[in-house]
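Structural overview
Letter by letter, the chains look like this.
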Amino acid sequence: MTRRATSRSAASSRCAGAPAKSAAAAQPGAAGAADPSAKVELSGAVDLMAGKGTADFDAEKVERMSESIADGSYKVNAELIADKLIANAQELLGKVKR
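Residues numbered from 1 in each chain as written. Predicted model: local features only at pLDDT ≥ 70, side-chain atom pairs only at ≥ 80, totals over all residues. Heavy atoms only, no water.

Within the protein chain, the regular secondary structure consists of five helices and zero strands. Reading the helices (α) and strands (β) of the protein chain from amino to carboxyl end gives α-α-α-α-α. Surface exposure of the protein chain reaches about 9700 Å², of which carbon and sulfur atoms provide 58%. (Helix = DSSP H or I, 4+ residues; strand = E, 2+ residues; numbered from the N terminus. Areas by Shrake-Rupley, 256 points an atom, 1.4 Å probe, with all protein chains shown as cover.)

If you want it as structure tokens, here you go:
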């Protein structure tokens, strides 16, 4: 009996003017279906995220860098990092069409 009371109170708390959801609206492919001419293109990064691609890397270079970081001899080239950040931002801003 408690469950029925809860269901009734939930139903009575709905807005009087709000339309009830129909079963057709909840089903995929119902009214408002996607335009069949719509196109989506995914980058190669999707394959890497899905684990389908291969991540090529130089294991020896990773080891050398790890050792230089550990022993304190790794030098950060702030100018190179700044240049690449600026280039990346310019590339991204060039793709944005306003």
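Next comes the rest of the account.
Let us look at the side chain of Ser68. Here Ser68 lies in helix 4 (residues 59–70). Aside from chain neighbours lying at most four places away, what touches Ser68 is Ser73 and Tyr74. (Contact = heavy atoms within 4.5 Å.)

A cluster of nonpolar side chains, namely Met65, Ile69, Tyr74, Val76, Ile81 and Leu85, defines an oily patch on the protein surface of about 590 Å² accessible area. Elements with a minimum of two residues in the nonpolar patch: helix 4 and helix 5 (78–95). Checked against the element boundaries, Leu85 lands in helix 5. (Patch = residues over 30% accessible without salt bridge, like charges linked within 9 Å, V, L, I, M, F, W, Y side chains within 5 Å. Salt bridge = Lys/Arg side-chain N within 4 Å of Asp/Glu carboxyl O.)

A word on the confidence of the model for the protein chain. Keep in mind that low pLDDT regions are not for reading the predicted coordinates in detail. Averaged over all residues, the pLDDT of the protein chain is 73; the fraction at 70 or higher stands at 60%. Per-element mean pLDDT across the protein chain ranges from 44 in helix 1 (residues 2–12) up to 95 in helix 4. In this model residues 1–18 is a low-confidence stretch, pLDDT under 50, and it forms zero contacts with partners more than four residues away in sequence or in other chains. Taken together, the stretch residues 22–26 has pLDDT below 50 and engages in one contact with residues farther than four places along the chain or on a different chain. (pLDDT = per-residue confidence, 0-100.)

Note that an α-helix has 3.6 residues per turn; residues three or four places apart therefore point the same way. Helix length check: helix 4 (12 residues) gives 16 Å between terminal C-alpha atoms against 16 Å at 1.5 Å per residue, within 8%. For helix 4, the side-chain oxygen to backbone nitrogen distance between the N-cap and Glu60 is 3.1 Å, and the N-cap itself is Asp58. Positive phi appears at Gly72, one or two residues downstream of helix 4, with a value of about 85 degrees. (Expected span 1.5 Å × (residues − 1). Polar contact = N/O pair within 3.5 Å; in protein donor to acceptor, adjacent residues only side chain to side chain.)

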